[in-house]
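# Fold and contact review
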Amino acid sequence: METKLFSDIQPISFEGVDLKRPVVIAGPCSAETERQVLDTARGLAAAGVKIFRAGIWKPRTKPGGFEGIGMKGLLWLNKVKEETGMLVATEVATREHVIAALDAGIDILWIGARTSANPFAMQEIANALVAKPGATVLVKNPVNPDIELWIGALQRIYNAGIRRLGAIHRGFSTYGKHLYRNVPQWHIPMELHRRIPNLPLIADPSHMGGKRELIGPLSQQALDMGFDGLIIESHCNPDCALSDKDQQVTPESLNLILNTLVVRESTGTTESLAILRQKIDRLDNELLEVLSKRMAVCRDIGQYKKEHSMQVVQTGRYDDILNKRSSQAAEMGMDEEFMHTIMVAVHEESVRQQVEIVNN
Ligand code: PEP
Ligand code: MN
């Protein structure tokens, strides 16, 4: 049903701009000062980036944070266009934002994760877009992992007559500590792609990872999954950024990251070392996630033992784990000794954590 509904979506393209895969959109989380915007933009233009992003209206989790520079940021984005020739993109969340941004000549509008989760806000934006069928609009996934809500948001924009439409995958928020700020749950954008194959997909490794060092591996993962583009936060002085400073990189670092990415053509057959290394990074990240889940369960066990006055180390169980895992490893083609060493280390840390719980 969706395939028919979304049948005439157009690829992301602009006359006179050569956007080859991956389309890269980069720039600061927020426009802060004219100087910061222009310095960052110059660095990015030198790195070959063709689309500049900057948020000027910032949805913040709590009041009191930096809520964006507002309308005057539109003038700075215009200066970026004039000086560097880059296309410019900003986030819109209300009817007024849409009108102001398009009147100011902003090339691409994106709708943030908090807004796409809200059908009233989406409809208000869609209504404002009816008069602007030529606009290019990217819709981020809603903060919660609900594909129907995401498709619904896209549908409202499509129904308003917008055909230059795309989706941004920025991960999903979850409770508790994770390696990722917003867990990727890649199967959700993959399902979106299955249902709407012609919808351009852009990954946002900055908001997914929440940390600079995850931008590279997440970007490669997105490319390996066939994403068309990347939106990455970049700031001329990330440590001093007024929002999202841990996940922004300088234009120079961004250039390095982009240069390590391997873009596989659909016809390609050879896997380069870089791709294999990215796979290792990805698997290591999964290992870390699993280990942290295991430790959380150990702490629950610690709590139980405390409440029932049980001793932390129960030798029978320990032997059982070591023997079982070692022989399972052998069955899976791994060395028994190696698995023994790993399980001893894992057990030692689990005991340390339980002792901490029992004594607190
Ligand atoms: C952003 O792109 O700076 C932003 C606010 O993103 P999100 O809506 O994904 O949180
Ligand atoms: Mn941000």
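Since this is a predicted model, take the numbers as computed values, not measurements.

### Points about the packing of aromatic side chains
Note on aromatic pairs: each is described by the distance of the centres and the angle between the planes. This structure, assessed with the given rule, holds two aromatic pairs. Between the aromatic rings of Phe6 and Tyr158, the centroid separation amounts to 5.1 Å while the plane-to-plane angle is 65°, which identifies the pairing as edge-to-face. With Phe6 in the loop between α1 (2-5) and β1 (23-27) and Tyr158 in helix α7 (residues 147-159), the pair connects residues that are 152 residues apart, well separated along the chain. Given a relative accessible area of 6%, Tyr158 falls into the buried group. Seen from their ring centres, Trp186 and Phe227 are 5.7 Å apart, and the 85° between their planes marks the pair as edge-to-face. With a gap of 41 residues between them, Trp186 in the loop between β6 (164-169) and α8 (187-195) and Phe227 in the loop between α10 (215-224) and β8 (229-233) connect regions that are remote in the sequence. Summarising the burial analysis for this pair, Trp186 and Phe227 share the class buried. The aromatic ring of Tyr158 is capped on one face by Arg163, whose charged end is 3.6 Å from the ring centroid. For the cation-ring pair, Arg164 lies above Phe14, with the distance from its terminal atom to the ring centre recorded as 4.9 Å.

### Focus: unusual backbone geometry
Residue Pro22 is bonded to the preceding Arg21 through a cis peptide linkage, with omega at -5°. Its place among the elements puts Pro22 in the loop between α1 and β1. Positioned with a positive phi, Gln185 is a non-glycine residue whose angle comes to about 40°. Here Gln185 lies in the loop between β6 and α8. Unlike most non-glycine residues, Ser309 shows phi in positive territory, near 50°. In this structure, Ser309 sits in the loop between α12 (273-307) and α13 (315-331).

### Considerations on α8
The complete set of buried residues in α8 reads Ile188, Pro189, Leu192 and Arg195. Down the axis of α8, the sector holding all buried residues measures 120°, keeping them to one side. Away from the buried face of α8 by more than 90 degrees, exposed residues His187 and Arg194 are located.

### Let's talk about the domain arrangement of the protein
Domain parsing of the protein yields domain 1 (2-260) and domain 2 (271-358). Computed over C-alpha atoms, the centres of domain 1 and domain 2 are 38 Å apart. When domain 1 packs against domain 2, close to 820 Å² is buried across both sides, 51% of that on carbon and sulfur atoms. Counting across the domain 1 and domain 2 interface gives one salt bridge.

### Some words on the site of ligand 1
Inspection of the region around ligand 1 gives Cys29, Arg53, Lys58, Glu91, Trp110, Gly112, Ala113, Arg114, Lys140, Arg170, His207 and Glu233 as its neighbouring residues. Isolated, ligand 1 exposes 300 Å² of accessible area, and the fraction of that covered by the protein chains is 97%. Its residues assigned to classes, the shell around ligand 1 comprises three nonpolar, two polar and seven charged.

### Re the coordination of the manganese ion (ligand 2)
The manganese ion (ligand 2) binds to the protein through Cys29 (SG), His207 (NE2), Glu233 (OE) and Asp244 (OD); the donor distances cover 2.1 to 2.4 Å. Motif for the manganese ion (ligand 2), donor spacing along one chain: C-x177-H-x25-E-x10-D. Taken together, the positions of His207 in helix α9 (residues 205-209) and Glu233 in strand β8 put the pair 26 residues apart, joining distant regions of the chain. Given the relative accessible area of 9%, His207 is considered buried.

### Observations regarding the state of the cysteines
For the structure shown, the criterion picks out zero disulfides. The thiol sulfur of Cys236 is not disulfide-bonded, and the nearest other cysteine sulfur, from Cys240, lies at 9.2 Å.

### As for the packing of α7 against α8
Packing of α7 against α8 leaves a shortest axis separation of 10 Å and a crossing angle of 50°. Classified by the angle between their axes, α7 and α8 sit oblique to one another. For the element pair α7 and α8, the recorded crossing hand is right-handed. Across the interface between the two elements, Ile147, Glu148, Trp150, Ile151 and Leu154 of α7 pack against Ile188, Pro189, Glu191, Leu192 and Arg195 of α8. Residue classes in the contact of α7 with α8 are distributed as seven nonpolar, no polar and three charged.

### Quick word on the sheet that holds β6
The eight strands lie next to each other as β1-β2-β3-β4-β5-β6-β7-β8, forming a closed barrel whose pairing is parallel. On average, each strand axis in the sheet is inclined to that of its neighbour by 25°, with strand direction left out of account. Summarising the sheet, strand β3 (residues 87-91) and strand β4 (residues 108-111) pair through three bridges and their orientation is parallel. Residue pairing in the sheet places Glu91 in a bridge with Trp110 of β4. Most of the contacts of helix α3 (residues 72-84) go to β3, to which it runs at about 160°, and overall it touches β2 (51-53) and β3.

The rules behind the values
- Throughout this description, residue numbers start from 1 for each chain and increase along the sequence as written.
- Just so you know, chain letters begin at A and ligand numbers begin at 1, following the order they were written in.
- Residues qualify for local features only when their pLDDT is at least 70, as the model is predicted, and side-chain atom pairs are given and counted only at 80 or more; totals for whole chains, interfaces and linings, by contrast, use all residues.
- For side-chain calculations, the full set of non-hydrogen atoms in the structure is used, while hydrogens and water are omitted.
- For Phe, Tyr and Trp, where Trp contributes only its six-membered ring, two rings pair if their centres lie within 6.5 Å, and the inter-plane angle classes them as stacked under 30 degrees, edge-to-face over 60, or tilted in between.
- Only runs of H or I of at least four residues qualify as helices and only runs of E of at least two qualify as strands under DSSP, and these elements are numbered from the N terminus.
- Relative accessibility thresholds used throughout: buried, under 20% of the residue-type maximum; exposed, over 50%; partly exposed, between the two (1.4 Å probe, protein chains only).
- For a Lys NZ or an Arg CZ to count as sitting over a ring, it must be within 6 Å of the ring centre and within 35 degrees of the ring normal.
- When we speak of the arc, we mean the arc of directions from the helix axis to the C-beta atoms.
- Either an automatic procedure or a domain database provided the assignment from which the domain bounds are taken.
- Reported buried area values correspond to the accessible surface (1.4 Å probe) lost by two parts on association, with both partners' losses combined.
- The rule for a salt bridge is simple: a side-chain nitrogen of Lys or Arg has to be within 4 Å of a carboxyl oxygen of Asp or Glu.
- A single heavy atom is enough: if one lies within 4 Å of a molecule or strand, its residue is considered near that molecule or strand.
- Areas reported as accessible are Shrake-Rupley estimates using a 1.4 Å probe. Residue values count occlusion only from the protein chains shown.
- Lys, Arg, Asp and Glu make up the charged group, whereas Ala, Val, Leu, Ile, Met, Phe, Trp, Tyr, Cys and Pro make up the nonpolar group; the residues left over, Gly among them, are polar.
- Note: metal donors comprise N, O and S atoms at 2.8 Å or less from the metal (3.2 Å for Na, K and Ca); water molecules are not included, so apparent gaps in a site are possible.
- The criterion for a disulfide is a pair of cysteine sulfur atoms lying within 2.5 Å.
- The convention used is that axes are lines fitted to C-alpha atoms, helices contributing only their stretch in contact, and that angles between N-to-C directions extend from 0 to 180 degrees.
- Angle categories are assigned with fixed cut-offs, so that under 35 degrees is roughly parallel, over 145 is roughly antiparallel, 65 to 115 is roughly perpendicular, and the rest are oblique.
- In a left-handed crossing the near helix is turned counterclockwise from the far helix by less than a right angle, and in a right-handed crossing that turn is clockwise.
- Contacts are assigned to residue pairs with any non-hydrogen atoms lying within 4.5 Å of each other.
- Only strands joined by at least two bridges in the DSSP assignment are considered to pair.

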